[in-house]
Amino acid sequence: MDHIWSPWRYRFITEGSPKGGCVFCRLAEDTANDESNFVVHRAAKNFVILNLYPYTCGHMMVVPYAHVSKLGAADEETTSEMMRLVRLAETALEGLYHPPGINLGMNIGAAAGAGIADHIHMHVLPRWMGDANFLSTIGETRILPEELPVTWSRLREFFSAQTSSSYNKSL
Ligand SMILES: [Zn+2]
């Protein structure tokens, strides 16, 4: 049942990965290409990005700008903001996709299944009854009801609206 508890486990970001470099650090610095990199939102200490190999439609990751491999190595401000962004992501998914469930998860270390073990990231993904069975049948084939650019636009809009209103006040 492991794949149901942590369905993102075998889905790594591999596209555009520079040899020997950290994908998340590259994305953190590449501020001019948020659309093509599917960066949904940039906050002070973390950014939110779509998973290139989403388990379900709307699968996001909250990633600190800092290259840290453990939560304990991140500062308090970073981890607090991470949780605020996870909360926003939850609200976004509920508003846009109405999933009956949401998985949150972080794999710390390669043995736990982290695809990019040196740079922590929190997965936020909507779940529907039966989606695990569906995906285990089709394996790695990406069949989703919505293309990533569409998902990106919808979530980007949500986050920018939140940032310009109540979110800033809560920081
Ligand atoms: Zn990194």
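Our subject in this report is the structure included herewith. Bear in mind that the values here come from a model prediction, so they are computed numbers and not experimental data.

### Points about the environment of Ala114
For step 1, the next point in the chain: Here Ala114 shows up in the loop between strand E4 (101-105) and strand E5 (122-127).
For step 2, the next point in the chain: On the basis of relative accessibility, which here comes to 9%, the residue Ala114 falls in the buried class.
For step 3, the next point in the chain: Apart from residues lying up to four places away in sequence, Ala114 is in contact with Asn107 and Gly109.

### Focus: the pattern of salt bridges
For step 1, the next point in the chain: Under the criterion given, the structure shown has 3 salt bridges.
For step 2, the next point in the chain: Its salt-bridge partner being Asp34, residue Arg42 comes within 2.9 Å of it at the nearest N-O pair.
For step 3, the next point in the chain: The partly exposed category is assigned to Arg42, whose relative accessible area is 21%.
For step 4, the next point in the chain: Classification of Asp34 as buried rests on a relative accessible area of 9%.

### Section: the nonpolar core
For step 1, the next point in the chain: Membership of the largest hydrophobic core comes to 24 residues, with the highest contact counts inside it found for Leu50, Met60, Val62 and Phe159.
For step 2, the next point in the chain: Contributing elements (two or more residues each) for this core: strand E2 (46-50), strand E3 (60-64), helix H4 (76-97), E5 and helix H6 (148-170).
For step 3, the next point in the chain: Top contributing element to this core by residue count: H4, with 8 residues.
For step 4, the next point in the chain: Look past the residues within four positions of Val62 in its chain and what remains in contact with it is Asn46, Phe47, Val48, Met82, Leu85, Val86, His121, Met122 and Val124.
For step 5, the next point in the chain: Counting 12 residues, the second-largest nonpolar core is a separate cluster that includes Phe24, Cys25, Leu27 and Ala28.

### Notes on unusual backbone geometry
For step 1, the next point in the chain: Positive phi outside glycine occurs at Phe38, with the angle close to 65°.
For step 2, the next point in the chain: Residue placement: Phe38 occurs in the loop between helix H3 (34-37) and strand E1 (39-42).
For step 3, the next point in the chain: Overall, the relative accessible area of 14% leaves Phe38 in the buried class.
For step 4, the next point in the chain: Backbone geometry places His98, a non-glycine residue, at a positive phi of 50°.
For step 5, the next point in the chain: Structurally, His98 is set in the loop between H4 and E4.
For step 6, the next point in the chain: For His98, a relative accessible area of 57% corresponds to the exposed category.

About the cut-offs
Residues numbered from 1 in each chain as written. Predicted model: local features only at pLDDT ≥ 70, side-chain atom pairs only at ≥ 80, totals over all residues. Heavy atoms only, no water. Helix = DSSP H or I, 4+ residues; strand = E, 2+ residues; numbered from the N terminus. Buried < 20%, exposed > 50% of the residue type's maximum accessible area, 1.4 Å probe, protein only. Contact = heavy atoms within 4.5 Å. Salt bridge = Lys/Arg side-chain N within 4 Å of Asp/Glu carboxyl O. Core = buried A, V, L, I, M, F, W, Y, C linked by side-chain atoms within 4.5 Å.

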